[in-house]
Amino acid sequence: MRVIKDNQILEDSWTRVDTVTADQPIPDGDLILPFKYWQQNQDKLANHRGKLAVCLNGEDKIEDIATHIGKFNLIALDFPAFKDGRCYSHARLLRDRYGFKGDLRAVGDVLRDQLFYMKRCGFNSFFIRKDKDIEDALKAFNDFTVKYQTAADGALPVYRLR
Amino acid sequence: MYIYDEYDRTIVNERVEQFRDQTRRFLTGELSEDEFRPLRLMNGLYIQRYAPMLRVSIPYGLLSSDQLRMLGHIARKYDKGYGHFSTRQNIQYNWPRLETVPDILADLASVEMHAIQTSGNCIRNITSDHFAGVAEDEIEDPRSYCEIIRQWSTFHPEFSYLPRKFKIAVSGAVKDRAAVQVHDIGIYVVKNDQGEVGFRILVGGGLGRLPYIGAFIKEFLEKKYLLSYLEAILRVYNLFGRRDNIHKARIKILVKAIGPEKFAEMVEQEWLQIRDSVLLLDQKEIDRVKKYFLDPPYDSKAAADTSFGQKLSTDTGFANWVKRNVKPHKVAGYRGVYISLKMPGIPPGDVTDTQMEFIADLADKYSASEIRATHDQNLVFAHVKQGDLYALWTALKTQNLATPNIGLLTDMICCPGLDFCSLANAGSIPIANQINSKFNDMDYLHDIGDIQIKMSGCMNACGHHHVGHIGILGVDKKGEEFYQLTLGGSPAEDAALGDRLGPAIAQKEVADTIGKLLDVYVEKRHEDERFLDTYRRIGIEPFKQRIYNGSVAQAEGE
Ligand code: SF4
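Predicted, not measured: the structure shown is a model, and the values here were computed from it.

What follows is about the overall build of chain B. Along its length, chain B carries 19 helices and 21 strands. The globule rule puts the C-alpha radius of gyration for 558 residues at 24 Å, and the 23 Å found for chain B is close to it. Taken along the three principal axes of its C-alpha coordinates, chain B extends 65 × 60 × 60 Å. Burial statistics for chain B: of 558 residues in total, 63% are counted as buried. Long-range contacts, defined here as pairs at least 24 residues apart, represent 67% of the contacts in chain B between residues at least 6 apart.

See below:
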């Protein structure tokens, strides 16, 4: 997929499979699977040819993935609509509490005007909605140079700089 | 008052540029209406019945005279020459053009103002006591905490797409002048048994369709934990607040659904994990912010003035104004003064550009260049020498700003209603006019004394009708404007929601009905009893009887 990763646009090897049922075969390659599917089909996936990542959404309990974090290089969080802000909290918990160090990717209704906040909450890669201009989206990271409060980006509250 | 440094200035200026670009992209079609809506809302911009409405933030209601002058300038240059002070201690402009909004924001930024988070599903302007810092009953000035919360909540990356809007109020006094208990989070500054000052915290208050008084979930929170505790509440709400139904999305519904005890426990669990993180609030920072809210230099000889007493005994107009609009002050010889924005014939909270500039000049002369907006849509001068009161009153009169009605029947809270708001069922301003013309006898109003009438044009309750001693709610009955009355509400430390009087009444009968309710009060009151107290003592029945002549059952059955 063509994504923004660490402030650069690049093509990587991941493919997102957003709906899959237990009896369906899954293709080879680097796949982002729904977390629930991954949880229930770990045996079957043991022989998968390619890397595996999981995608969670706002409904999922983020603590369920806590013990599996070491197994993934990439975790995706899905925004079904950009106004659904639950994954901002999920992202912070993944980074701040569960110590996830890998690629944290925003997928779904991911638009330029939310990227700044997403990055601050710990996302480092972004699959911009297909009909939007990914080059344009890149500008969002420069929206603000000052941050009042701390977040998963390690920013100090601004008062500590004063 | 808080003064921006380079950091604050940079954020506000960058915001102006960000919004300018967002507006441009919307106008060129790069952003759809749906994508632009939350962005413009987070900048206080609504699309209303006739034109956009821009809500400008006045953090905890505090304004400098230069800022008020700028608000007047904006009213003249970009609007129709007036602004409307809202119940959020903010000001709204009803007629700006979308294309000019970025310029308005730039003008605001030049005086350290903005429209950030005045709408949208984010943490809104922090509100507080308009007598903060000068009240006699104050435990500690709440404004430094308001400012600390303001900074923490501004562009908070995690809490900018909450299930619904989020309002926080802080009061530092014994008397609650900030309607703390009907906020999503209400904070009282309190002193514990050891004499330490901290916070008592409630959640889940709110008006709207499903009104609730908040529930206390923390009896005493140490100051250093203020931000971590707020962050814990917001995180629990962000994750578990309902998102499937906009009418059930406020935190009050979550708190109600799982119960305040369970909610408190979830917050506690979250909080314990973050409270000793970088969110810990240094005393150094509290002290730094406090320096912005020091007393102005008070004149130690202010109390020696004798002209005030003299004028009081010789000028009854002045005495009436003092009786209602002038309040005690912690410093001898000083007073707090209300500037009533409830002049008969003018929509409550409306001020013209000229009046704004006039008030700003008076603030320079008489009140340390500072003005406060109250949540009941008036303004306050917080530092007036008693010897200046007569001159101030004389000046205010020339601009129709000395209506002696603070706390009286005509000091109504009123939302914009059908005249401006696209959600309205019924007008509220015409009702305010009706009440003003019926009750125009000052002696009668003074005799009735303290009473709060609050009016909303629809269930969204922007006019806080649930907590009016008399609440008025506009409803639509087969295309006609009707009004549902409630009695016995209060937004203060004795917070309560009003009880429904009976079936809604026709528009033309509203003022007469209020007249009959007041008759019952006058007949039944004990000496010195407010309307609310009488109501609480005798209950709703006598009022019901008078209005519906015992035919409530019949009328309900219609
Ligand atoms: S209460 Fe209703 S009519 Fe009044 S301003 Fe709010 S939404 Fe509009």
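Picking up after the structure, the text goes on.
This paragraph deals with the pattern of salt bridges. What the rule picks out here adds up to 73 salt bridges over all chains. A salt bridge links A:Arg120 to A:Asp153; the shortest N-O distance between them is 2.8 Å. Residue A:Arg120 is found in helix H4 (residues 112–120), and its partner A:Asp153 is found in the segment after helix H5 (134–137); the two are separated by 33 residues along the sequence. Of the residues examined, A:Asp153 reaches a relative accessible area of 31% and is grouped as partly exposed. Taken together, the salt bridges that share partners define one network made up of A:Arg112, A:Asp113, A:Asp136, A:Lys139, B:Asp21, B:Arg24, B:Arg25 and B:Glu30.

Where the parts come together, the accessible area they lose is often given as the size of the interface. On the side of chain A, 36 residues touch chain B, which itself brings 45 residues to the contact. When residues of chain B are sorted by the area they lose upon contact with chain A, B:Tyr7, B:Pro157 and B:Tyr161 head the list and together hold 20% of the total. At the junction of chain B with chain A, the criterion picks out eleven salt bridges. Between A:Arg97 and B:Glu270 there is a salt bridge, and its shortest N-O distance comes to 2.6 Å. Between chain B and chain A we count 30 residue pairs in polar contact (both at pLDDT 80 or more) in total.

Residue and element names in this part refer to chain B. Considering the arrangement of structural elements, one finds Ser 367 in the loop between helix H12 (353–366) and strand E14 (370–373). Sequence-wise, Ser 367 and Gly 488 are 121 residues apart; in three dimensions their C-alpha atoms are separated by 35 Å. Not counting residues up to four positions away in its chain, the partners in contact with Ser 367 are Leu 362, Phe 381, Ala 382, His 383 and Val 384.

Residues and elements named next belong to chain B. Note that Gln 377 resides in the loop between E14 and strand E15 (379–385). For Gln 377, a relative accessible area of 1% corresponds to the buried category. Polar contacts involving the side chain of Gln 377 include one to the side chain of His 84, which spans 3.4 Å. A polar side-chain atom of Gln 377 sits 3.1 Å from the main-chain amide nitrogen of Cys 414. If near-sequence neighbours (up to four positions away) are discounted, Gln 377 is found in contact with His 84, Phe 85, Ser 86, Thr 87, Leu 341, Lys 342, Pro 348, Gly 349, Met 412, Ile 413 and Cys 414.

In this section: the confidence of the model for chain B. Residue and element names in this part refer to chain B. Per-residue confidence for chain B gives a mean pLDDT of 95; residues scoring 70 or more make up 98%. Predicted confidence for residues 553–558 stays below pLDDT 50, and this span has four contacts to residues more than four positions away or in other chains. Two summary scores accompany this predicted model of the complex, namely pTM at 0.95 and ipTM at 0.97.

Let us now look at the pairing of strand E7 (residues 103–108) of chain A. Residue and element names in this part refer to chain A. Burial analysis of E7 places five of its six residues in the buried class, which makes it a mostly covered element. One ladder, built from six bridges, connects strand E6 (residues 74–79) with E7; its direction is parallel. Following the sheet pairing, Ala 76 is matched in E7 by Arg 105. Between the parallel pair E6 and E7, the chain is carried across by helix H3 (residues 86–97), and the sense of this crossover is right-handed. Bridging between E7 and strand E8 (residues 125–126) involves two bridges; their strand directions are parallel. Looking across to E8, one finds that Ala 106 is bridged to Phe 126. Regarding topology, H4 serves as the crossover connection from E7 to the parallel E8, and that connection is right-handed.

Now for the pairing of E14(B). All names here are of chain B. Residues Glu 370 and Arg 372 of E14 are buried on one face, and the alternating residues Ile 371 and Ala 373, pointing to the opposite face, are buried as well. Relative to E14, strand E3 (residues 62–64) is paired through three bridges, and the arrangement is antiparallel. In the sheet register, Ser 64 faces E14, and the bridge partner there is Glu 370. As defined by bridge partners, E14 adjoins E15 across two bridges and the pair is classed as antiparallel. Considered in E15, the bridge of Arg 372 is made with Val 380. With antiparallel pairing between neighbouring strands as the criterion, E14 and E15 make up a hairpin whose turn holds five residues, including Gln 377 at a positive phi of roughly 70 degrees.

This brings us to the packing of aromatic side chains. Evaluated as defined, the whole model comprises 33 aromatic pairs over all chains. Centre to centre, the rings of B:Phe318 and B:Trp393 are 5.5 Å apart; their planes meet at 55 degrees, and the pair counts as tilted. Here B:Phe318 is found in helix H11 (residues 316–325), whereas its partner B:Trp393 is found in helix H13 (residues 389–398), with 75 residues between them in sequence. Each member of the pair, B:Phe318 as well as B:Trp393, is classed as buried. Through successive ring pairs, a cluster of aromatic residues spans A:Phe79, A:Phe82, A:Tyr88, A:Phe123, A:Phe126, A:Phe141 and B:Tyr161. Directly above the ring of B:Trp95 sits B:Lys80, whose terminal nitrogen or CZ lies 3.6 Å from the centroid.

With that settled, the discussion passes to unusual backbone geometry. All names here are of chain B. In this structure, Ala 368 takes a positive phi of about 55 degrees despite not being glycine. In this fold, Ala 368 is placed in the loop between H12 and E14. Relative accessible area serves as the criterion here: at 43%, Ala 368 is assigned to the partly exposed category. Phi at Ser 369 takes a positive value of approximately 55 degrees, unusual for a residue other than glycine. Along the chain, the position of Ser 369 falls in the loop between H12 and E14.

Residues and elements named next belong to chain B. Along its sequence, chain B is organised into domain 1 (6–109), domain 2 (127–292), domain 3 (304–397) and domain 4 (413–556). The gap between the C-alpha centroids of domain 2 and domain 3 is 32 Å. Tallying the contact residues gives eleven residues for domain 2 and 15 residues for domain 3. Here domain 2 meets domain 3 over a buried area of about 970 Å², counting both sides, of which 57% is carbon and sulfur. Per-residue buried area on domain 2 facing domain 3 is highest for His 130, Phe 131 and Val 134; these three make up 61% of the total on that side. Linking domain 2 to domain 3 there are zero salt bridges. Seen at the junction of domain 2 and domain 3, the total is six residue pairs in polar contact (both at pLDDT 80 or more). Among the residues forming the side of domain 2 that touches domain 3, the class breakdown is six nonpolar, two polar and three charged.

Residues and elements named next belong to chain B. The antiparallel open sheet is built from five strands, whose spatial order is E1-E2-E5-E4-E13. The strands lining the two open edges of the sheet, one partner per strand, are strand E1 (45–47) and strand E13 (350–352). Each strand of the sheet is rotated relative to its neighbour by a mean of 30 degrees, with strand direction disregarded. Note: strand E4 (residues 82–85) against E13, three bridges, orientation antiparallel. Looking at E13, one finds that His 84 is bridged to Asp 350. Against the sheet, helix H3 (residues 65–78) makes contact with strand E2 (52–56), E4 and strand E5 (91–93), and its axis sits at roughly 15 degrees relative to E5, the strand it touches most.

Definitions and cut-offs
- Residues numbered from 1 in each chain as written.
- Chains lettered and ligands numbered in written order.
- Predicted model: local features only at pLDDT ≥ 70, side-chain atom pairs only at ≥ 80, totals over all residues.
- Heavy atoms only, no water.
- Helix = DSSP H or I, 4+ residues; strand = E, 2+ residues; numbered from the N terminus.
- Rg over C-alpha atoms; globule rule 2.2 N^0.38 Å.
- Buried < 20%, exposed > 50% of the residue type's maximum accessible area, 1.4 Å probe, protein only.
- Contact = heavy atoms within 4.5 Å.
- Salt bridge = Lys/Arg side-chain N within 4 Å of Asp/Glu carboxyl O.
- Buried area = accessible area lost by both parts, 1.4 Å probe.
- Polar contact = N/O pair within 3.5 Å; in protein donor to acceptor, adjacent residues only side chain to side chain.
- pLDDT = per-residue confidence, 0-100.
- Pairing = 2+ DSSP bridges.
- Right-handed = clockwise from strand over helix to strand, strands pointing away.
- Phe/Tyr/Trp six-rings, centres within 6.5 Å; stacked < 30°, edge-to-face > 60°.
- Lys NZ or Arg CZ within 6 Å of the ring centre and 35° of its normal.
- Domains from an automatic or database assignment.
- Nonpolar A, V, L, I, M, F, W, Y, C, P; charged D, E, K, R; others polar.
- Axes fitted to C-alpha atoms, helices over the stretch in contact; angles between N-to-C directions.

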